[in-house]
Amino acid sequence: LREKYKVAADVSTAVLVLTPRPTSATNTANASNAANTANPAAPAETSALTEATEMARVQGKDGKPLGRDEVERMLKDGMKRQEKAASETLDAASAKADHGDKDGAIALYTQVWEQRCIAEGPAKKAAKALKKLGHPLPEEMSRTFPVPDERPATAKAIRDALAKGLAAEEDLRIPDAQRYYEAAAKLDPADPVPLRFLGELYRHHVGDWVKARATFEKILAMPADPLSRAVALHGLGKMTIHEGDFKKGLGMFEQSIATYPLALTYRNLAVYWSSEGQADKAIDYVKHAMALDSEDEYNQIFAATFLVKLGKPEEAARIASAHESVLAASYNLAAIWAQLGRRDKALALLKRHFYAYEKFAEVRKKEMQEARVDIVFESLKKDPAFVKLTALADGGAMSPR
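Residues numbered from 1 in each chain as written. Predicted model: local features only at pLDDT ≥ 70, side-chain atom pairs only at ≥ 80, totals over all residues. Heavy atoms only, no water.

S.K.: Would you take a moment to explain the overall build of the protein chain for this structure?
M.R.: The secondary structure content of the protein chain amounts to 19 helices and three strands. Looking at the 401 residues of the protein chain, the share that counts as buried comes to 45%. Counting only contacts in the protein chain whose residues sit at least 6 apart along the sequence, the fraction spanning at least 24 positions is 60%. Element-wise, carbon and sulfur atoms account for 52% of the exposed surface of the protein chain, whose accessible area totals about 20500 Å². (Helix = DSSP H or I, 4+ residues; strand = E, 2+ residues; numbered from the N terminus. Buried < 20%, exposed > 50% of the residue type's maximum accessible area, 1.4 Å probe, protein only. Contact = heavy atoms within 4.5 Å. Areas by Shrake-Rupley, 256 points an atom, 1.4 Å probe, with all protein chains shown as cover.)

What follows is the structure, given as structure tokens:
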């Protein structure tokens, strides 16, 4: 609280307000209360306060600045009063239910539930009572979420853990990366960022799609930043397409882009439409990816996989040769050489991808299946060496890169 309300040291008046917010399936657990500084010179603040319900107000003596302790006391006292009022509403709702006024009881219980951010105990009781009355809350609304830990020490510990995890991931020390990401997620269960890193690791490197799906769905169910939501939607889309539900997976990709444009999602949309025979649409998504970061080597290598079809084989070969040492791009490098008719080089790079870059058998199975259905390896699909190299394919339908 001291960190959150530092501003109180520089103002003479503070007001605690309850702000009504529209309910939505994707953001029902945002805090609906706030401590705002009342400043007559700030029209935005004045407007906000007139639209909200004032719960408490505290002023400095003789116009002097407020101390933090005074603001904290106002906040705690205000919330105690709100919780007491919610408990009284619970009693009134229970009385209506006992007298057969089901609709009246539901209305009062719903009022209590809507104050869950500042009266969590009564709100949980209201949710149970609503369920008992045959009026359960939608699952995504009935969840309660932990309060974010905004202490600087916690934020620093999370950043440090994520940095160590990312370094381990880039070195392909996947178990170490997983340990660091899981530790970061435990430091603040309300922070979606560690979950974003962890979900991608489960999906892309570990191949544990049960954990990946649960992690991504957790992000989507909690108040989360657009980037984390976009990563979660992309990851779910990848897995959904691999499992054969192309239309649903495509929809998730499109949702991801609408939430926060990622080059990775644009690349996967390009492959999706290429596999559907819509080359123009695929090229358009390649251009979108390049527009986000034309200097990114993964974007450049991926774009080169389309150059052969565009009648630019020499340029494709130049880019592939210049980036041959990029281990993480082995699959797409193989795709370029396969289209150029360089069978041996393509097979060698695919082998490098499966057995040098990928560290877990579950991922290899999925990646081998991708290669078997990927249009860029059309020239190799009946090649005995290719068939043998991809023999562990898991039989999934498809998974665009």
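S.K.: Hey, could you run me through the packing of aromatic side chains in this one?
M.R.: When we look at a pair of aromatic rings, we describe it by the centre distance and by the angle of the planes. Here the structure, examined in full by the defined rule, presents six aromatic pairs. On the numbers, 6.1 Å between centres and 35° between planes, the contact of Phe-377 with Phe-386 is tilted. Pair check on accessibility: Phe-377 and Phe-386 agree, each one buried. Grouped by ring-pair contacts, the aromatic residues Tyr-331, Phe-377 and Phe-386 constitute a single cluster. Of note, Lys-345 hangs over the ring of Trp-337, and the distance from its end group to the ring centre comes to 5.5 Å. (Phe/Tyr/Trp six-rings, centres within 6.5 Å; stacked < 30°, edge-to-face > 60°. Lys NZ or Arg CZ within 6 Å of the ring centre and 35° of its normal.)

S.K.: I would appreciate a short explanation of the nonpolar core in the present structure.
M.R.: Counting residues in hydrophobic clusters, the biggest one holds 30 residues, and the most contacted among them are Tyr-181, Leu-201, Phe-216, Leu-236 and Met-239. Those elements that place two or more of their residues in this core are helix H6 (152-170), helix H7 (174-187), helix H8 (192-206), helix H9 (209-221) and helix H10 (226-242). Considering each element in turn, this core owes the most residues, six residues, to H10. Among the nonpolar cores identified, the runner-up in size contains 28 residues, and Ala-329, Leu-333, Ala-335 and Phe-377 belong to it. (Core = buried A, V, L, I, M, F, W, Y, C linked by side-chain atoms within 4.5 Å.)

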